[in-house]
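Analysis of the macromolecular model
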Amino acid sequence: MTKVLVVANRKGGTAKTTTVVNLAYALSEKGAKVLVIDLDNQGHIEQGFTAQPDLLSALSQPAWMSEFEEFKGVLAYSDRIHLALAHTDSAFDESAYTLDRFSQLFDNAGDAGHYDIILVDTPPTLGPRLLSALAGAHRIVIPAEPTPLASDGVNKLLNACMKAIRNKHFRASGIDILPVMVDGKLRIHRQTLGLWQEKFGAGRILPAIRRNVKLAEAFAVHQPVSEYAPLSAGAKDYRSLCDCLFS
Ligand SMILES: Nc1ncnc2c1ncn2[C@@H]1O[C@H](COP(=O)(O)OP(=O)(O)OP(=O)(O)O)[C@@H](O)[C@H]1O
Ligand SMILES: [Mg+2]
């Protein structure tokens, strides 16, 4: 069965989209077939991948998305990376969302496209859309910069997810924390990472992604970092993360 990994943090600007884009690319380099689903109507997944905008003319509408107004179609970025792109022109009425809204969609998409992994990018708000995405995840990754202010948000989201898993509202079997934008020279980062290991358990902390300007530059030119700067620290770190998550 296709594995569904949801990247989430209710705080904005914590490298959720950067993680989805670059993890998808690292997975494809290992031979996996990946579907990226954008559930954030900022539409940043499209921006992260569309160095060649003419690709967008080839959007398809697979049957599994026909009832979901969130998406404008699926784009084949390559044989191994497909993108379910979000509509960006409107805010959706999420009041009728049920917790199981996306579980069946993820499973149907996985079966129809024979994907090995589905990676889901989510909005920075703990609303019905994020909760429905989390409910459909097999694994949840929370990216966060290791600072005291971020710790509180990570703690609350982790606890909420663990409670929902215990109560069988979510189907995930694992929740991991991904330290991002890490600068080993900063004492506050080192201290916070130490605290996270004590509080959340070292086994829950994924290998860190260092602060690396190539990641921001790659996003600005709409490319995964491994295409833009294959030897950069950012490219190496996302490859190591991929090996750790999918060994
Ligand atoms: N490790 C890193 N080093 C340097 N810059 C980074 C790193 N990771 C992400 N960035 C930059 O930080 C900014 C925020 O990243 P990103 O858009 O991935 O966050 P996000 O959590 O998806 O934001 P939002 O909540 O708005 O969706 C971007 O400009 C991105 O290029
Ligand atoms: Mg984003």
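Note that the coordinates shown come from a computational prediction; the quantities given were computed from them, not determined experimentally. (Residues numbered from 1 in each chain as written. Chains lettered and ligands numbered in written order. Predicted model: local features only at pLDDT ≥ 70, side-chain atom pairs only at ≥ 80, totals over all residues. Heavy atoms only, no water.)

Next up on the list: the overall build of the protein. Assigned secondary structure in the protein consists of nine helices and seven strands. Its C-alpha radius of gyration of 17 Å places the protein within 12% of the 18 Å reference for a compact globule of 247 residues. Judged by the C-alpha coordinates and their principal axes, the protein covers about 50 × 45 × 35 Å. When burial is assessed residue by residue, the protein has 52% of its 247 residues classed as buried. Long-range contacts, defined here as pairs at least 24 residues apart, represent 74% of the contacts in the protein between residues at least 6 apart. When the 26 basic and 26 acidic side-chain charges of the protein are each reduced to a single mean position, those positions are 10 Å apart. (Helix = DSSP H or I, 4+ residues; strand = E, 2+ residues; numbered from the N terminus. Rg over C-alpha atoms; globule rule 2.2 N^0.38 Å. Buried < 20%, exposed > 50% of the residue type's maximum accessible area, 1.4 Å probe, protein only. Contact = heavy atoms within 4.5 Å. Lys, Arg positive; Asp, Glu negative; His and termini not counted. Charge placed at Lys NZ, Arg CZ, Asp CG, Glu CD.)

Glancing now at the sheet that holds strand β7 (residues 174–179). Pairing within the open sheet is mixed, and its seven strands lie in the order β3-β4-β2-β5-β1-β6-β7. Looking at the sheet topology across the chains shown, the edges are occupied by β3 (71–76) and β7. Across this sheet, the average inter-strand angle for adjacent strands is 20°, counted without regard to direction. As judged from the six bridges shared by strand β6 (residues 139–144) and β7, these two strands associate in the parallel manner. The residue bridging Ile140 from the neighbouring strand is Ile175, located in β7. Sitting on the sheet, helix α3 (residues 103–113) is in contact with β1 (3–7), β2 (34–38), β3 and β5 (117–121), with an inclination near 140° to β5. (Pairing = 2+ DSSP bridges. Axes fitted to C-alpha atoms, helices over the stretch in contact; angles between N-to-C directions.)

Once that is clear, we can look at the packing of aromatic side chains. For the structure on display, the rule yields five aromatic pairs. Here the aromatic rings of Tyr97 and Phe102 are separated by 5.8 Å at their centres, their planes lie at 85°, and the arrangement is edge-to-face. One exposure class covers both Tyr97 and Phe102, and it is buried. The ring centre of Tyr115 lies 5.1 Å from the NZ or CZ of Lys33, which sits over that ring. When the ring centre of Tyr97 is taken as origin, the NZ or CZ atom of Arg101, which lies over that ring, is 4.4 Å away. (Phe/Tyr/Trp six-rings, centres within 6.5 Å; stacked < 30°, edge-to-face > 60°. Lys NZ or Arg CZ within 6 Å of the ring centre and 35° of its normal.)

As a further point, take the side chain of Ser28. Mapped onto the fold, Ser28 is located in helix α1 (residues 16–29). From its side chain, Ser28 meets the backbone oxygen of Tyr25 in a polar contact 2.7 Å long. The residues touching Ser28, leaving out its near neighbours within four places in the chain, are Val34, Arg80 and Ile81. (Polar contact = N/O pair within 3.5 Å; in protein donor to acceptor, adjacent residues only side chain to side chain.)

The next thing to look at is the nonpolar core. Soluble globular proteins tend to bury their nonpolar side chains together. Ranked by size, the top nonpolar core spans 43 residues in total, and within it Ile37, Phe106, Leu134 and Ile140 carry the most contacts. The element best represented in this core is helix α5 (residues 148–166), accounting for six residues. Beyond its immediate chain neighbours, meaning those up to four positions away, Leu134 contacts Val6, Ala8, Ile140, Leu157, Cys161 and Phe170. Core analysis: the second largest hydrophobic core is formed by 36 residues, Val20, Ala24, Tyr25 and Leu83 among them. (Core = buried A, V, L, I, M, F, W, Y, C linked by side-chain atoms within 4.5 Å.)

What follows concerns the site of ligand 1. Taken together, 17 residues lie around ligand 1, and Thr14, Lys16, Thr17, Thr18 and Asn212 are the ones closest in. At 2.8 Å from an oxygen atom of ligand 1 is found a main-chain nitrogen or oxygen belonging to Thr14. Contact distances for ligand 1 include 2.8 Å between an oxygen atom and a side-chain N or O atom of Thr17. Coverage of ligand 1 by the protein amounts to 82% of the 630 Å² it exposes when considered alone. Its atoms largely coinciding with the cavity grid, ligand 1 occupies the largest pocket. At the level of elements, α1 and α7 (213–220) are the ones that each hand at least two residues to the shell around ligand 1. If you tally residues by element for the shell around ligand 1, the top one is α1, at three residues. Of the residues assigned to the shell around ligand 1, the class counts are six nonpolar, seven polar and four charged. (Near = heavy atom within 4 Å. Areas by Shrake-Rupley, 256 points an atom, 1.4 Å probe, with all protein chains shown as cover. 1 Å grid on protein atoms, 1.4 Å probe; cavity = no way out; pocket = protein on both sides within 12 Å on 5 of 7 lines; lining within 4 Å. Sits in = over half its atoms within 2 Å of the grid points. Nonpolar A, V, L, I, M, F, W, Y, C, P; charged D, E, K, R; others polar.)

Taken by themselves, the reported measurements are silent on function.
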